[in-house]
Amino acid sequence: MSSALTDLCRYPIVQAPMAGGTSCPQLVAAVAEAGGLGFLAAGYKTADGMYNEIKQVRGLTGQPFGVNLFMPQPDLADPASVEVYRHQLAGEVSWYETQLGDTDACGDDGYEAKLAILLEDPVPVVSFTFGCPSRDTLDAFAAAGTYTVVTVTSPEEAQAAQWAGADAVCAQGVEAGGHQSTFRDDPQADGSGTGLLCLVGQVRETVQIPVVAAGGLMRGSQIAAVLAAGADAAQLGTAFLACPESGAHLLHKQALNNPLFVRTTLTRAFSGRPARGLVNRFVREHGPYAPAAYPQVHHLTAALRKAAAKAGDAQGMALWAGQGHRMARELPAGRLVRLLAEEMDAARTALSTRSTQ
């Protein structure tokens, strides 16, 4: 690991920021206390909501942690296609006895207000999703003593992040659960993402800054593999989703190993942007017709997702999960971090032993 990353955590293990309540203060603090780097997800929260969670984490641990921000998105959605999708969801409205959301909601996710708070009262790490901040923004964080990470899905995006002044990049493979963090949402590129090991190698040969690997990682041996491939640390999301400290809905946790949900897919059904989740009824029925319209579709389906969860119906929920979801372990987060570290060391020892024989 690079010295800067080494200073942030004992182990090269990062808990992914999972928006929607999963990455709650309790999970972040438990990971940090065990020697990993925990991340709060500021996405879909108000600036005040983000700050309240930061204060909660500080009250639970004195260890370093991070906050993830969504970059503002350009409004490229076709209003007509959004309205067609609204009509298509009419049956869901009747079934769950709720209303569809307002698609005119602001698309910047309170970005500027969140930046102001994080620059006035800095946290150790800030990462960015769905794009790269300006050099002025990254320079401001550097002046505040905050380590910055930009999530990328290609060598070109990684190079842009390095040029802008990011301290590190998080290379997200197509195996990752949740949203694909491409800088530009191009419907023509749907399904063309790069696998993690290949991506890490490409990014490592493109940039000189540290690389965090993310996408489908569930075991310490896999962490050892991406470190051997050139990563400086590994980021895991789905692996922590099943932990008791996770804020994920119980149905979401149970679905990870439920035989009813045998595979994942990338879908626009719930948000209008490609995101990997377990294939359920909603994805099968609406995924093929969902428009490229983020965050309009996210706001449109918000009430439906909440109503499905309230009704105990996992078939109508957004069950974000990576390709390794069947390997999820229901362990306390601190214990999981230590186990991952033990598995990683064992894999490295085994490889070293074989190489000397």
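The structure reproduced in this document is the subject of the present report. (Residues numbered from 1 in each chain as written. Predicted model: local features only at pLDDT ≥ 70, side-chain atom pairs only at ≥ 80, totals over all residues. Heavy atoms only, no water.)

### Overview of the overall build of the protein
Then step 1. Along the protein, the regular secondary structure elements total 15 helices and 11 strands.
Then step 2. Taking 2.2 N^0.38 as the reference for a compact globule, 357 residues should give roughly 21 Å; the C-alpha atoms of the protein span a radius of gyration of 19 Å, in line with that estimate.
Then step 3. Seen along its three principal axes, the alpha-carbon backbone of the protein occupies a region of about 65 × 45 × 40 Å.
Then step 4. Once local pairs closer than 6 in sequence are excluded, the contacts in the protein between residues at least 24 apart make up 68%. (Helix = DSSP H or I, 4+ residues; strand = E, 2+ residues; numbered from the N terminus. Rg over C-alpha atoms; globule rule 2.2 N^0.38 Å. Contact = heavy atoms within 4.5 Å.)

### Describing the environment of Gly107
Then step 1. Assignment of secondary structure puts Gly107 in the loop between α5 (90-96) and α6 (111-120).
Then step 2. Excluding its chain neighbours within four sequence positions, the residues that come into contact with Gly107 are Pro72, Gln73 and Pro295.

### Considering the sheet that holds strand β8 (residues 211-214)
Then step 1. Strand order in the open sheet formed by 8 strands is β1-β9-β8-β6-β5-β4-β3-β2, and the pairing between neighbours is parallel. Strands at the two margins of the open sheet, each flanked by one partner only, are β1 (13-15) and β2 (38-41). In this sheet, neighbouring strand axes are inclined to one another by 25° on average, regardless of whether the strands run parallel or antiparallel.
Then step 2. Bridge count for strand β4 (residues 125-129) against strand β5 (residues 147-152) is 4 bridges, and the pairing is parallel. Note on β5: the bridge partner recorded for Val126 is Thr148.
Then step 3. Of the strands in this sheet, β1, β2 and β3 (65-70) are in contact with helix α2 (residues 25-34), which crosses β2 at around 165°.
Then step 4. Its contacts with the sheet put helix α8 (residues 155-164) on β5 and β6 (168-172), and the angle it makes with β5 is roughly 155°. (Pairing = 2+ DSSP bridges. Axes fitted to C-alpha atoms, helices over the stretch in contact; angles between N-to-C directions.)

### Considering the sheet that holds strand β10 (residues 264-267)
Then step 1. Spatially, the 3 strands line up as an open sheet ordered β7-β11-β10, and their pairing is antiparallel. This sheet does not close on itself; its edge strands, each paired only once, are β7 (178-179) and β10.
Then step 2. In the sheet, β7 pairs with strand β11 (residues 275-278) via 2 bridges, with the strands oriented antiparallel. Note that in β11 the partner of His179 across the bridge is Ala275.

### Quick look at the packing of α6 against helix α7 (residues 135-144)
To characterise two packed helices, one gives the angle between the axes of the helices and the distance between these axes.
Then step 1. Following both chains from N to C, one finds α6 and α7 inclined at 25°, their axes separated by 10 Å at the closest point. Taken together, α6 and α7 sit at an angle that is classed as roughly parallel. Between α6, through Tyr111, Leu115, Leu118 and Leu119, and α7, the contact on the second element is made entirely by Thr137, Ala140, Phe141 and Ala144.
Then step 2. Of the residues contributing to the contact of α6 with α7, the split by class is 7 nonpolar, 1 polar and no charged. (Parallel < 35°, antiparallel > 145°, perpendicular 65-115°, else oblique. Nonpolar A, V, L, I, M, F, W, Y, C, P; charged D, E, K, R; others polar.)

### What to know about helix α3 (residues 47-60)
Then step 1. Between its first and last C-alpha atoms α3 spans 20 Å; for 14 residues at 1.5 Å apiece the expected length is 20 Å, and the two agree.
Then step 2. Ala47, Met50, Glu53, Ile54 and Val57 are the residues of α3 that are buried. For α3, the angular spread of buried residues about the axis comes to 125°, placing them on one side. Among the exposed residues of α3, those oriented more than 90 degrees off its buried face are Asp48 and Gly59.
Then step 3. Its buried side turned inward, α3 meets α2, β2, β3 and α6. (Expected span 1.5 Å × (residues − 1). Buried < 20%, exposed > 50% of the residue type's maximum accessible area, 1.4 Å probe, protein only. Arc of directions from axis to C-beta.)

### Description of the environment of Gln202
Then step 1. Position of Gln202 among the secondary structure elements: in helix α9 (residues 196-204).
Then step 2. Accessibility expressed as a relative area gives 32% for Gln202, which makes it partly exposed.
Then step 3. For the pair Gln202 and Ile117, spaced 85 residues apart in the sequence, the C-alpha separation amounts to 35 Å.
Then step 4. Beyond its immediate stretch of four places on either side in the chain, Gln202 contacts Pro155 and Thr194.

### Some details on the pairing of β11
Then step 1. Relative to β11, β10 is paired through 4 bridges, and the arrangement is antiparallel. The residue of β11 that forms the bridge with Thr264 is Leu278.

### Some details on the side chain of Gln73
Then step 1. Its place among the elements puts Gln73 in the loop between β3 and α4 (79-88).
Then step 2. Given a relative accessible area of 15%, Gln73 falls into the buried group.
Then step 3. Only 3.2 Å separates the side chain of Gln73 from the backbone oxygen of Phe130, close enough to count as a polar contact.
Then step 4. Beyond its immediate chain neighbours, meaning those up to four positions away, Gln73 contacts Gly107, Phe130, Arg273 and Tyr294. (Polar contact = N/O pair within 3.5 Å; in protein donor to acceptor, adjacent residues only side chain to side chain.)

### Quick word on the pattern of salt bridges
Then step 1. Under the definition given, this model contains 12 salt bridges.
Then step 2. Put simply, Glu92, Arg281 and Glu285 are held in one network by salt bridges that share partners. (Salt bridge = Lys/Arg side-chain N within 4 Å of Asp/Glu carboxyl O.)

### Observations regarding the packing of α3 against α6
Then step 1. Between α3 and α6, the least distance of the axes is 9 Å, while the angle of their chain directions is 30°. Between α3 and α6, the angle is such that the two are roughly parallel. Once α3 is placed against α6, the crossing between them reads as right-handed. Facing Ala47, Met50, Tyr51 and Ile54 of α3, the residues of α6 in contact are Ala113, Lys114, Ile117 and Leu118.
Then step 2. Residue composition of the contact of α3 with α6, by class: 7 nonpolar, no polar and 1 charged. (Left-handed = near helix turned anticlockwise from the far one by under 90°.)

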